[in-house]
Amino acid sequence: MLSYHRSKQDVTIKPKWLRVKAPQWQRVGDVKEILRDLELNTVCEEASCPNIGECFNTLTATFLIMGTACTRACSYCNIDFKKKPEALDPLEPLHLAEAVKRLNLNHVVITSVNRDDLPDGGASQFVRCVEEIRKISPKTTIEVLIPDLCGDWKSLAIILKAQPEVLNHNTETIPRLYRRVRPQGDYQRSLQLLQQTKKLTPKIYTKSGLMVGFGETDEEVRQVMVDLRQVDCDILTLGQYLQPSPKHLNIYTFINPTQFDDWHKFGESIGFLQVISSPLTRSSYHAEQVRELMKQYPR
């Protein structure tokens, strides 16, 4: 079992392994200029990702479509909550494709807020984005990081027909903590989404991610990893939860890097094709590495 440290000092002062290098702001500014010019959003900015400097410096970004307001209010997330977000932007797919071209991306990650207000959960907007990227940058591999679509597998099938190379859906935490961390989510539904994805499109690479530091045990994390392998999930990311602001869910503990190394070894031992596990890992961190994985494990 993991050892947890509950003192206020332990959970307010970041340990040395969570310190990041100062980014080269000129290159960060170049990416931001393109995003502002095309009126695009990134999860890097909206979710206060600690890797924004590194990713923007290498001219990569995870695009956030369908607005910056979510219909769910998860206690860990820095994205705004609105029951009725703004209407979809019909030009967003075109602008996204243009950004991929300008940034000369080999691999692109497209994610979204939850849009439970839309009949298809936003599936059709994902499809339009994929289609426009294919037109303008056909050699770019595409990863979609999607919400659970309220368990609507018809909407999932719509997304899969666009043939993204990778479908990512995060389980986020262990089942015991769902009510506190992800109250509008459902652990079994997330597993079912990944299972349905492989059933509908066996050749696709599936991916999921976990945050730790909420109070889970080592055994509970390993059980989620086993559950994900049982639905044939190919790729796993594991990273430390960091509190975006005082109003968000408190950090229970900071997990030592050696524990992340242990999870990495365990994940590989049970059959994941790729495990990215470190304190600063996020669900789309170094996502472009999947291109090498696809060469190693072609489908």
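Thresholds applied
- Residues numbered from 1 in each chain as written.
- Predicted model: local features only at pLDDT ≥ 70, side-chain atom pairs only at ≥ 80, totals over all residues.
- Heavy atoms only, no water.
- Phe/Tyr/Trp six-rings, centres within 6.5 Å; stacked < 30°, edge-to-face > 60°.
- Helix = DSSP H or I, 4+ residues; strand = E, 2+ residues; numbered from the N terminus.
- Buried < 20%, exposed > 50% of the residue type's maximum accessible area, 1.4 Å probe, protein only.
- Lys NZ or Arg CZ within 6 Å of the ring centre and 35° of its normal.
- Core = buried A, V, L, I, M, F, W, Y, C linked by side-chain atoms within 4.5 Å.
- Contact = heavy atoms within 4.5 Å.
- Salt bridge = Lys/Arg side-chain N within 4 Å of Asp/Glu carboxyl O.

Enquirer: What's the story with the packing of aromatic side chains in this structure? I'm lost.
Expert: Aromatic ring pairs: the centre-centre distance and the angle between the two ring planes describe each pair. This model, assessed by the stated rule, comprises three aromatic pairs. With centroids separated by 5.5 Å and ring planes inclined at 90°, the aromatic side chains of Phe260 and Trp263 adopt a geometry described as edge-to-face. Of the two residues, Phe260 and Trp263 both sit in helix α11 (residues 257-269), three residues apart, roughly one turn of that helix. With relative accessibility at 0%, the residue Phe260 sits in the buried group. Above the face of the Phe266 ring, Arg222 is positioned so that its terminal group lies 4.7 Å from the ring centre. Between the NZ or CZ atom of Arg299 and the centre of the ring of Tyr205, over which it lies, the distance is 4.3 Å.

Enquirer: Help me understand the nonpolar core in this model?
Expert: Across soluble globular proteins, nonpolar side chains show a tendency to be buried alongside one another. Core analysis: the largest hydrophobic core is formed by 37 residues, its most contacted members being Phe63, Ile110, Ile146 and Leu167. Elements that contribute at least two residues to this core include exactly α2 (25-37), β2 (62-65), α5 (92-103), β5 (107-112), α6 (123-136), β6 (141-145) and α7 (153-161). Considering each element in turn, this core owes the most residues, six residues, to α6. For Leu167, the residues in contact, after removing those within four places along its chain, are Val144, Ile146, Leu156, Ile159, Leu160, Leu193, Thr197, Ile204, Tyr205, Thr206 and Lys207. Within the second largest apolar cluster, 34 residues are counted, among which are Ile174, Val181, Tyr241 and Phe254.

Enquirer: Explain the pattern of salt bridges here, please?
Expert: Tallied over the entire structure, the rule returns 15 salt bridges. The closest approach of N and O atoms between Lys135 and Glu132, which form a salt bridge, is 3.2 Å. Remark: Glu132 and Lys135 occur in helix α6; sequence separation between them is three residues, near one turn of the helix. Note on Lys135: relative accessible area 63%, which makes it exposed. As a salt-bridge pair, Lys207 and Glu143 come within 3.1 Å of each other at their nearest N and O atoms. With Lys207 in strand β8 (residues 205-212) and Glu143 in strand β6, this pair connects stretches of sequence that are 64 residues apart. Neither residue differs from the other here; Lys207 and Glu143 are each classed as buried. Overlapping salt bridges, with partners in common, bring together Lys198, Arg229, Asp232, Asp234 and Arg299 in one network.

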